[in-house]
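# Inside the fold
Chain residues, written in single-letter form:
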Amino acid sequence: MLQHKEPEVTELTEHILAVFLGFVAIMNPLANTAVFVGLTQTLSKTEQRRIAGKALLTSFIIVVLFALLGNTLFHFFGITLPALRIAGGILVFVIGYQMLRGNQSEMHTQESHDDADIAISPLAIHILAGPGTIATAMNYSATGVWIEIVITISMFACLCILTFACFMAGSKLMKLFGQSGVLIVTRLMGLILTVIAVQMTISGVDGAIAQLQSVG
């Protein structure tokens, strides 16, 4: 009995780790912290905490909705899982390639803003829950298997908690890592992202070929 269970446990552990690292790479908490500090450095600690909490809660709700409604959206628009994985792989690869070259992707850049609530935009809807994050969440939960949906949501929740801690310690982290440290971490995350993107694309192509063969 144990010999039959061990591979399943190992596979599940590897999947959990892959989902968490995928979200870490796409969100890049350290780079996002640099953006957060730049946007809120003139605000009080209480206001920074409010903005961080609201931004992360909003991004969490967005990811949960796409993770839960992914299959419904597929059926409604006639989208297949291989198509999502190929498109998501291309999108994530572009973001990862920009980061690998040392160029911050647009989702990790600081935009000019007016007096609108920066917790919603640009933090939540652009930086934290941007197209890459949504594509990653949908890719990991698109099969509709409940355990994969739970893992996807749980791992993103863990990352939100980690990101909140980074935001609250933003000034100290920036002094500790400096601009060079942020750049190094960004490139490492870019490398991980490009590998994840290639794997997503390969899975999508394999699935598309399998579908064509079954039709043929």
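You'll find the structure just up there.
Report follows, based on the coordinates. Note that the structure is predicted; figures quoted are calculated from it, not measured.

Each value, and the rule that gives it
Residues numbered from 1 in each chain as written. Predicted model: local features only at pLDDT ≥ 70, side-chain atom pairs only at ≥ 80, totals over all residues. Heavy atoms only, no water. Core = buried A, V, L, I, M, F, W, Y, C linked by side-chain atoms within 4.5 Å. Buried < 20%, exposed > 50% of the residue type's maximum accessible area, 1.4 Å probe, protein only. Helix = DSSP H or I, 4+ residues; strand = E, 2+ residues; numbered from the N terminus. Disulfide = S-S within 2.5 Å.

What follows covers the nonpolar core. Core analysis: the largest hydrophobic core is formed by 36 residues, its most contacted members being Phe23, Ile26, Phe36, Leu123, Phe167 and Leu193. Of all the secondary structure elements, the ones that give two or more residues to this core are helix 1 (2–27), helix 2 (29–40), helix 3 (45–77), helix 4 (81–100), helix 5 (119–128), helix 6 (131–141), helix 7 (146–168) and helix 8 (170–215). Counting seven residues, the second-largest nonpolar core is a separate cluster that includes Ile62, Phe74, Met138 and Ala142.

Let us look at unusual backbone geometry. Residue Asn28 is not a glycine yet carries a positive backbone phi of 45°. Following the sequence through the fold, Asn28 ends up in the loop between helix 1 and helix 2.

Let us look at the state of the cysteines. Tallied over the full model, the rule gives zero disulfides. Cys158 carries a free sulfur, and the closest cysteine sulfur to it, the one in Cys160, is 9.3 Å from it. Judged by its relative accessible area of 39%, Cys158 is partly exposed. Using a relative accessible area of 8% as the deciding quantity, one classes Cys160 as buried.

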